[in-house]
Amino acid sequence: MKGGGSLKVYEAIALGAKELESVCPNPRLESELLLSHSLRIDRVKLAIKRDEVLKEEELERFLKYIEKRKSRIPYQYIVKKQHFMGFEFYVDERVLIPRPETEILVEEALKRMKSGDLILDIGTGSGAIAISIAKLFPDCKVYAVDVSEEALEVAKYNAEKLGVAEKIIFIKSDIFSNIPQDVKFDLIVSNPPYIKKAELENLQEEVKKEPILALDGGEDGLFFYKRIIPDCKFYLKKGGRGLFEIGYGQREEVEKIFLENGFDEIEVIKDLAHIDRVIIGRYNS
Ligand SMILES: C[S@@+](CC[C@H](N)C(=O)[O-])C[C@H]1O[C@@H](n2cnc3c(N)ncnc32)[C@H](O)[C@@H]1O
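It should be emphasised that the depicted structure is a prediction, and the values quoted were computed from it without experimental measurement. (Residues numbered from 1 in each chain as written. Predicted model: local features only at pLDDT ≥ 70, side-chain atom pairs only at ≥ 80, totals over all residues. Heavy atoms only, no water.)

Caption draft 1: Main features of the UniProt feature "domain: Methyltransferase small" (unreviewed entry) in the chain. When the UniProt feature table is mapped onto this chain, "domain: Methyltransferase small" (unreviewed entry) is found at residues 102-199. End-to-end, the C-alpha atoms of residues 102-199 are 21 Å apart, and along that stretch the chain is 33% helix and 24% strand. (UniProt positions renumbered as here; feature names shortened; annotations may be inferred. Helix = DSSP H or I, 4+ residues; strand = E, 2+ residues; numbered from the N terminus.)

Caption draft 2: Spotlight on the UniProt feature "binding site: S-adenosyl-L-methionine" (unreviewed entry) in the chain. Here, the residues flagged by UniProt with the feature "binding site: S-adenosyl-L-methionine" (unreviewed entry) are G123, T124, G125, S126, G127, D146 and N191. In terms of the greatest pairwise C-alpha distance, the residues named above, spread along 69 residues, form a tight cluster of at most 11.7 Å across. Tracing the backbone shows G123 in the loop between β3 (117-122) and α6 (128-136). Dropping the residues within four chain positions of it, G123 is found in contact with V145 and D146. Here N191 lies in the loop between β6 (185-190) and α8 (205-208). Setting aside residues up to four positions removed in sequence, N191 forms contacts with L96, T102, L105, I122, I129 and E245. (Contact = heavy atoms within 4.5 Å.)

Caption draft 3: Representation of the pattern of salt bridges in the model. Inspection of the entire model under this criterion finds 31 salt bridges. Two residues, R50 and D51, come together in a salt bridge whose shortest N-O distance is 3.0 Å. Judged by relative accessible area, D51 falls into the partly exposed class, the value being 46%. A single salt-bridge network, built from bridges that share partners, covers E30, R69, R72 and E206. (Salt bridge = Lys/Arg side-chain N within 4 Å of Asp/Glu carboxyl O. Buried < 20%, exposed > 50% of the residue type's maximum accessible area, 1.4 Å probe, protein only.)

Caption draft 4: Summary view of the side chain of S148. Inspection of the secondary structure puts S148 in the loop between β4 (140-146) and α7 (149-161). S148 sits in the buried class, given a relative accessible area of 13%. A polar contact of 2.9 Å, which involves the side chain of S148, links it to the backbone nitrogen of A151. (Polar contact = N/O pair within 3.5 Å; in protein donor to acceptor, adjacent residues only side chain to side chain.)

Caption draft 5: How the structure looks around the domain arrangement of the chain. Taken domain by domain, the chain consists of domain 1 (9-71) and domain 2 (93-283). Using only C-alpha atoms to locate each centre, domain 1 and domain 2 end up separated by 36 Å. (Domains from an automatic or database assignment.)

Caption draft 6: Just the side chain of R69, in detail. Looking at where R69 falls in the secondary structure, it is placed in helix α3 (residues 56-70). With a relative accessible area of 4%, R69 lands in the buried category. Looking at R69, its side chain comes within polar contact range of the side chain of E206, at 3.0 Å.

Caption draft 7: Spatial organisation of the pairing of strand β5 (residues 168-172). Bridge analysis of β4 against β5 gives five bridges, and the strand direction is parallel. Within β5, the residue paired with V142 across the bridge is I168. In this fold, β4 hands off to α7, which returns the chain to β5; that crossover is right-handed. (Pairing = 2+ DSSP bridges. Right-handed = clockwise from strand over helix to strand, strands pointing away.)

Caption draft 8: Quick look at the nonpolar core. M113, I133, V142 and I168 are the most contacted members of the largest nonpolar core, which totals 34 residues. Elements supplying a minimum of two residues to this core: β2 (87-89), α5 (102-111), α6, β4, α7, β5, β6 and β9 (276-283). It is α6 that provides the largest number of residues to this core, a total of six residues. If near-sequence neighbours (up to four positions away) are discounted, I168 is found in contact with A130, I131, A134, V142, A144 and A159. (Core = buried A, V, L, I, M, F, W, Y, C linked by side-chain atoms within 4.5 Å.)

Caption draft 9: Geometry of the sheet that holds β4. With respect to topology, seven strands assemble into an open sheet ordered β5-β4-β3-β6-β7-β9-β8, the strand pairing being mixed. Of all strands in the sheet, those with a lone pairing partner are β5 and β8 (263-270), marking the two edges. Mean inter-strand twist for the sheet, computed between neighbouring axes without regard to direction, equals 15°. Examined bridge by bridge, β3 and β4 share six bridges and lie parallel to one another. The residue bridging D121 from the neighbouring strand is A144, located in β4. Strand contacts of helix α9 (residues 223-232): β3, β6, β7 (236-245) and β8, with the helix running at about 165° to β7, the strand carrying the most contacts. (Axes fitted to C-alpha atoms, helices over the stretch in contact; angles between N-to-C directions.)

Caption draft 10: Structural view of the packing of α5 against α6. It is at 10 Å that the axes of α5 and α6 come closest, and there the two elements cross at 40°. Overall, the two elements α5 and α6 adopt an arrangement that is oblique. In terms of crossing hand, the pair formed by α5 and α6 is right-handed. Note on element contacts: α6 touches α5 through I129, S132, I133 and L136, opposite T102, L105, V106, A109 and L110. Of the residues assigned to the contact of α5 with α6, the class counts are seven nonpolar, two polar and no charged. (Parallel < 35°, antiparallel > 145°, perpendicular 65-115°, else oblique. Left-handed = near helix turned anticlockwise from the far one by under 90°. Nonpolar A, V, L, I, M, F, W, Y, C, P; charged D, E, K, R; others polar.)

This is the structure in structure tokens:
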């Protein structure tokens, strides 16, 4: 892409927007956001700098970001952050970008918590769920596990950055494999990979840049529910609850898995698009 020598702020925004036209639905907004990131200022400050000429290194940074975005790298991986539950999480290619729908899972978990509770987050990724719970519920302890060492590095970094590292125990674990058998939880939460294998290749290009390990839910998308739910009985206190994010059309099957494994009081929470998004069951055997 040609930068055209020197550019003023408003010209750079227009150039970036044009370049991103075929890539994203809001090219001007993303151009403004990437420019404000290049200038290390808030987007609202762009207006007062409208006629200022960009320094060479600022323009260089901006053009580099635009090129990345044109290659369908998600905006969040370029600016290395995503807001979730009001907190700023560091994200990069090692972790799934936390989604707004997953905030429903956190909110439902918080509603069911009481003082002193022990929570397990399976597949913690960036740590979004575990860290938000630790931040928003004062008296609790959280175990956060992931099979990906790289994801755990990001989650630990976020826990330090957000000041809750001492409330969370991070464990590299294939689901329950490395969780001590004598630890019993009040809640087990998870946003597991739930996309059907066959659908992976049809995903949006940006989503394909996220770790496959965070997306692949096996042939029927239910692989993780089938593995996690039956083993919850070894790790949940009697009356404890499992809370899981689910994908479109998975409610019936996951409810069945719950019922076959000693859970009752099944509840389903819809997201803003009216899609069943979170399923909750109480372990009562
Ligand atoms: C959909 S992402 C969720 C990330 C994060 N909890 C969130 O909601 O943004 C699923 C996560 O599960 C992890 N994962 C995949 N297979 C796993 C396994 N066998 N055991 C533990 N974690 C696993 C992935 O590495 C990924 O971080």
